[in-house]
Structures are given as structure tokens and as C-alpha cells.
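If you want the building blocks of each chain, they are given just below.
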Amino acid sequence: MTERPSRADDLLAHVPEGPVPSSQGGQRLLDLVKVMARLRGPGGCPWDAEQTHRTLARHLLEETHELLEAIDVDDTDAIRDELGDVLLQVVFHAQMAADDDAWDVDDVAEGLVKKLVHRHPHVFGEIEVTGADEVLVNWEKLKAAEKGERAEVADDIPASLPSLARAAKVQRRAAGWGFEWRSVDSAIEALREEVDELAAADDAAHVEEEIGDVLFAAVAVARKLGIDAESALRRTVRVFSARYERFVALAAERGLDVETADEAELRALFRETKG
């Protein structure tokens, strides 16, 4: 067996020794790379052969959302299947780059291994952390150090990200650079202040600004509690949708006209649909 390099600056030296901890030792991943090369190779699939990074982009987005849906409903079989579809996108893009003699899937994996080792000094080094939130903050610190200088706080964070997810990422980066609520209580107090300012807003432009501030502050509270705001809101929308359908059915059963009923009646009926 070839000895791994032992230089302290070689991040690959930190890869654990021993067998790959999966049911088939990672062999099926290698099979996937072979199958993808065959599909893109001579005599392979015409559709696969004509794809580009750009034409595949929408498929990556679709598969990611399907995976998120499977995670939200906690369907483990669907999660496995959707992860396969996302993995296909990774291998597909890597094979296209290999066909262009640019880089291949090993380069992708090697870069990822180095990044994971470097950004987890509490595992592969001597750094100590107090919890998961500090891990994420340190991640942003190390990422900034890799670039050699501090960029703007929203630099390279895609504007196309859902707004709650983008807000969380901006806040996490700011925390990595020292700006962070020190406790859940302080984050909640900031949220209360923003809600009070919203209640006092007296024109449309001001209301929109304050709504944005409330949402941003709510994301900060979620972060301090270790909650992903985007996932939490997706769950709430799903739960509300189910409750609303029960509400409509219950109203029809009781002969209640929801358009003319007063607010107290509607609220009471909606409370009955909880759970």
C-alpha cells in the first residue's frame, strides 16, 4: 500500500486510513463514473452527448428542490432516490469537464476533501469549539482567510438564493467577522424592536422596509436557535395548507359561509383544525 504523504501542510494526509465506511466500499460510486463516461462516449446516448453545463443547470435546480421536498416530508426512501439524482448531476458535470480535458470527478473530490479538512480544524487540528454554531462561524472565518482579504459581506452569495436562505448566509458570514448577537434573548429582543417599528410604520414604503427588517431579525433568531429559517417556513406553509383544506371542509360541513362570517368565527373554526 502506498504511504500517504505526511507533510503537515498536505491536507490529504488527514484522510482517515482503512476501508471506506460504506456497504460496498464505495465501489458503486466508481461504477457510476464508468457508466457516465460510457453514456457520454462514442456510441453512447445522443441526449447525454449533446448536453452542456448550461443546459443541465435547470435539471440540477429541479432535482435539488425534489430532494428538499423529500427531506421536508421525512421520506427516507425518496431522500435516497433524490440524492442519487443530485449525485448524477455532479458526475455528469464532471464528465463533461473531463471530455474537455479541463478537470474530472477526482479533481472535484480532491478539492472538496481539502476544503473539508481545512475548514474543520476542530476535527483535524487543535482548535476547540463550543457547539455547532461556532463551527459555522469558524467556517466563514477560514473561508475569508483563504481569499487573503475580507470581501463585502454579500460577496459571492448568489442573489438567486431564496431570500431567507440568503439572509442566513449573510448573517453567518457577518458572525464569522465578529458581528453576532451573543444570545437568543438578545436576538429575540431585536426582533421585538423590529415588530414595534413595523406597527408604527405609517406609509407603504416604510411598511415594506420594516417587513424586511422583521424577516431579517426572525432569521437571526432562527440561527441562534439552530433552526434553518427557510426549512421552517416551508414546513409552516405545508402545515397551513393542510389545515386550510380541513378548515374549508369543516366550514362546508357546518354550513358556514367563510366570506361573510366574522373574524372570531373564522379563528375559532381554524383553531379546531390544529393537529
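Residues numbered from 1 in each chain as written. Predicted model: local features only at pLDDT ≥ 70, side-chain atom pairs only at ≥ 80, totals over all residues. Heavy atoms only, no water.

A. Geometry of the nonpolar core. The biggest cluster of nonpolar side chains holds 6 residues, and these are Leu 164, Ala 167, Ala 168, Val 219, Ala 222 and Ala 229. When residues of this core are traced back to their parent elements, those giving at least two are helix H8 (163-176) and helix H10 (204-224). (Core = buried A, V, L, I, M, F, W, Y, C linked by side-chain atoms within 4.5 Å. Buried < 20%, exposed > 50% of the residue type's maximum accessible area, 1.4 Å probe, protein only. Helix = DSSP H or I, 4+ residues; strand = E, 2+ residues; numbered from the N terminus.)

B. Summary view of a nonpolar patch on the surface. Together, Leu 29, Leu 87, Val 90, Trp 103 and Val 108 make up an exposed nonpolar region whose accessible area comes to about 400 Å². With respect to the secondary-structure elements, Val 90 resides in helix H4 (residues 76-99). Residue classification places Val 90 among the partly exposed positions, given a relative accessible area of 40%. (Patch = residues over 30% accessible without salt bridge, like charges linked within 9 Å, V, L, I, M, F, W, Y side chains within 5 Å. Areas by Shrake-Rupley, 256 points an atom, 1.4 Å probe, with all protein chains shown as cover. Salt bridge = Lys/Arg side-chain N within 4 Å of Asp/Glu carboxyl O.)

C. Spatial organisation of the confidence of the model for the chain. Scored by pLDDT, the chain has a mean of 88; 94% of the residues are at 70 or more. Low pLDDT, under 50, characterises residues 1-9; the stretch is placed with 9 contacts to residues that sit more than four places away or in other chains. (pLDDT = per-residue confidence, 0-100. Contact = heavy atoms within 4.5 Å.)

D. Representation of the side chain of Gln 171. Here Gln 171 is to be found in helix H8. Owing to a relative accessible area of 8%, Gln 171 belongs among the buried residues under this scheme. Residues within four places of Gln 171 in sequence aside, it is in contact with Phe 216, Val 219, Ala 220 and Arg 223.

E. Representation of the packing of helix H3 (residues 53-72) against H4 in the model. Where H3 contacts H4, the axes come no closer than 8 Å and their chain directions differ by 160 degrees. For the element pair H3 / H4, the angle class is roughly antiparallel. Note on packing geometry: the crossing formed by H3 with H4 is left-handed. From H3, His 53, Leu 56, His 59, Leu 60, Glu 63, Thr 64, Glu 66, Leu 67, Ala 70 and Ile 71 reach across to H4, where they touch Ala 78, Ile 79, Glu 82, Leu 83, Asp 85, Val 86, Gln 89, Phe 92, His 93, Met 96 and Ala 97. In terms of residue class, the contact of H3 with H4 is made up of 12 nonpolar, 5 polar and 4 charged. (Axes fitted to C-alpha atoms, helices over the stretch in contact; angles between N-to-C directions. Parallel < 35°, antiparallel > 145°, perpendicular 65-115°, else oblique. Left-handed = near helix turned anticlockwise from the far one by under 90°. Nonpolar A, V, L, I, M, F, W, Y, C, P; charged D, E, K, R; others polar.)

F. Region of the structure containing the layout of surface pockets. Here the largest pocket is characterised by a volume of approximately 1100 Å³. Contributing to the lining of the largest pocket are 30 residues, with Val 20, Gly 26, Leu 29, Ala 109 and Val 113 lying nearest its centre. Of all the secondary structure elements, the ones that give two or more residues to the lining of the largest pocket are helix H1 (27-40), H4 and helix H5 (105-118). Here the residues of the lining of the largest pocket are counted per class, giving 18 nonpolar, 8 polar and 4 charged. One number sums up the size of the second largest pocket: a volume of about 500 Å³. Considering the residues around the second largest pocket, the lining is formed by 15 residues, among which Thr 64, Leu 68, Leu 161, Pro 162 and Ala 165 are closest to the centre. (1 Å grid on protein atoms, 1.4 Å probe; cavity = no way out; pocket = protein on both sides within 12 Å on 5 of 7 lines; lining within 4 Å. Points joined across faces, edges and corners; volume = space filled by probe spheres on them.)

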